[in-house]
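Results of the structural survey
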Amino acid sequence: MYKVAVMGDYDSIYGFAALGLATFPVEAPEEGAAQLKRLAADDYAVVYVTESVAAGLQEEISEYREQLKPAVILIPGVSGNTGAGIAQVKKSVEQAVGSDIIFNGEN
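Residues numbered from 1 in each chain as written. Predicted model: local features only at pLDDT ≥ 70, side-chain atom pairs only at ≥ 80, totals over all residues. Heavy atoms only, no water.

1. Some words on the overall build of the protein chain
- Along the backbone of the protein chain there are five helices and four strands.
- For the protein chain, the α and β elements follow one another from N to C terminus as β-α-β-α-β-α-α-β-α.
- Expressed as a percentage of the 107 residues in the protein chain, the buried residues total 32%.
- Contacts in the protein chain between residues far apart in sequence, at least 24 positions, make up 57% of those at least 6 positions apart.
- Total accessible area on the protein chain is roughly 6,600 Å²; 54% of this is exposed by carbon and sulfur atoms. (Helix = DSSP H or I, 4+ residues; strand = E, 2+ residues; numbered from the N terminus. Buried < 20%, exposed > 50% of the residue type's maximum accessible area, 1.4 Å probe, protein only. Contact = heavy atoms within 4.5 Å. Areas by Shrake-Rupley, 256 points an atom, 1.4 Å probe, with all protein chains shown as cover.)

2. Some details on unusual backbone geometry
- With an omega of 0°, the peptide bond running from K69 to P70 counts as cis.
- Relative to the elements of secondary structure, P70 occurs in the loop between α4 (58-64) and β4 (71-75).

3. Section: the sheet that holds strand β3 (residues 44-50)
- An order of β2-β1-β3-β4 is seen for the four strands of this open sheet, with the pairing classed as parallel. Edge positions in the sheet fall to β2 (22-25) and β4, since each has one partner strand and no second. Neighbour-to-neighbour, the strand axes of the sheet open up by a mean angle of 25°, direction not taken into account.
- Sheet topology places strand β1 (residues 3-8) next to β2; four bridges connect them, and they run parallel. Within the sheet, the bridge partner assigned to V6 lies in β2 and is T23. (Pairing = 2+ DSSP bridges. Axes fitted to C-alpha atoms, helices over the stretch in contact; angles between N-to-C directions.)

4. Regarding the packing of aromatic side chains
- Tallying each qualifying case throughout the model produces two aromatic pairs.
- Between Y10 and Y14 the ring centres are 5.4 Å apart and the planes differ by 20°, which places this aromatic pair in the stacked class.
- Y10 gets classed as partly exposed once you look at its relative accessible area, which sits at 47%.
- Accessibility expressed as a relative area gives 48% for Y14, which makes it partly exposed.
- Judged by centre distance (5.9 Å) and plane angle (90°), the rings of F24 and Y44 are edge-to-face. Taken together, the positions of F24 in strand β2 and Y44 in strand β3 put the pair 20 residues apart, joining distant regions of the chain.
- Residue classification places Y44 among the buried positions, given a relative accessible area of 7%. (Phe/Tyr/Trp six-rings, centres within 6.5 Å; stacked < 30°, edge-to-face > 60°.)

As structure tokens, this is what we get:
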């Protein structure tokens, strides 16, 4: 059975443990890159990553975009929403559908 993980700074992710998700606190981009690689190799189908951590992992995250698993999904952290998560969803929808059905060219 596949698993779900949440990766980011501790303050942003500790609440997800109450939902039964595996949490992996990381602080440095190098630590995040190594952790993402371990999660991908360990049957995690979905990995939520805080936007602040993902900012330092763009190259590593892009490696998994074309693969079936893990799905790497950006979420806002306690530091706020940078808009990176919405931009990623918008790009994925545009690829799948062929047009911008979320914002209709706005934004």
